[in-house]
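# An overview of the molecular structure
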Amino acid sequence: MTSQKGFAGRGRLAAACLGMLASAVGGAAGAWISVPSAATGGSVTVSGGGLRAGDVLTVRVADPTGQQHSQAGAVASNGTLSVELRPGLAGKHTVDVLDASGRRVGGGDFLHSR
């Protein structure tokens, strides 16, 4: 069992980490990236929100063979991101969304079947 003091310390640490994450993604405290778990209709849309308008993010996809493909996406004036991907190979794909300095903003995996 954790003492109340230890728990509060962890809360401050978590808040500090969230602050660092927010500054890494354009200073938006509520920044998020979403990757669907499966491709539908031959495409996957990577989306995000709470991002800094005008930033250009890189959506990097590793296909089932490990080969990487990149595509740039601009953050809209309302802080959202929407990038459509059309995977060519069936299997698990790993997506990483990177900021201009190469830091990972978010990502996830999806499955594509043919």
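With that out of the way, let us pick up the pattern of salt bridges. Throughout the structure, instances matching the rule amount to six salt bridges. In this structure, Arg52 and Asp55 form a salt bridge, with 3.2 Å as the shortest nitrogen-oxygen distance. Judged by its relative accessible area of 45%, Arg52 falls in the partly exposed class. Overall, the relative accessible area of 22% leaves Asp55 in the partly exposed class. As a salt-bridge pair, Arg86 and Glu84 come within 3.0 Å of each other at their nearest N and O atoms. According to the relative accessible area criterion, Arg86 is exposed, its value standing at 59%. Owing to a relative accessible area of 39%, Glu84 belongs among the partly exposed residues under this scheme.

Moving on: the confidence of the model for the chain. Looking at the chain, pLDDT values average 81 and 75% of them are 70 or higher. Mean pLDDT in the chain bottoms out at helix α1 (residues 4-24), which sits at 37, and peaks at strand β3 (residues 56-62), which reaches 98. Throughout residues 1-27 the model reports pLDDT below 50, and contacts reaching past four residues in sequence, or to other chains, amount to 14 contacts.

Moving on, we get to the sheet that holds strand β2 (residues 44-49). Spatially, three strands are ordered β1-β2-β5 in an open sheet, and the strand pairing comes out antiparallel. Unpaired on one side and paired on the other, β1 (32-34) and β5 (81-85) mark the two borders of the sheet. Direction aside, the axes of adjacent strands within the sheet are offset by 10 degrees on average. Examined bridge by bridge, β2 and β5 share five bridges and lie antiparallel to one another.

Quick notes on the rules
- Residue positions are given per chain, counted from 1 along the sequence in the order it is written.
- Selection of residues for local features in this predicted model requires a pLDDT of at least 70, selection of side-chain atom pairs for listing and counting requires 80 or more, and totals for whole chains, interfaces and linings are taken over all residues.
- Think of the side-chain values as coming from all heavy atoms in the structure, minus any hydrogens and water.
- Just to be clear on terms, a salt bridge is a Lys or Arg side-chain nitrogen sitting within 4 Å of an Asp or Glu carboxyl oxygen.
- Only protein chains enter the accessibility calculation, which uses a 1.4 Å probe. A residue is then buried if its area is under 20% of the maximum for its type, exposed if over 50%, and partly exposed in between.
- Per residue, pLDDT measures the predictor's confidence, with a range of 0 to 100.
- Helix and strand definitions follow DSSP, with helices as H or I runs of at least four residues and strands as E runs of at least two, each counted in order from the N terminus.
- By the convention used here, residues are in contact when the closest approach between their heavy atoms is within 4.5 Å.
- Strands were regarded as paired on the criterion that DSSP finds at least two bridges between them.
- To get an axis, a line is fitted to the C-alpha atoms, and for a helix only the part in contact is used. The angle between two axes follows their N-to-C directions and goes from 0 to 180 degrees.

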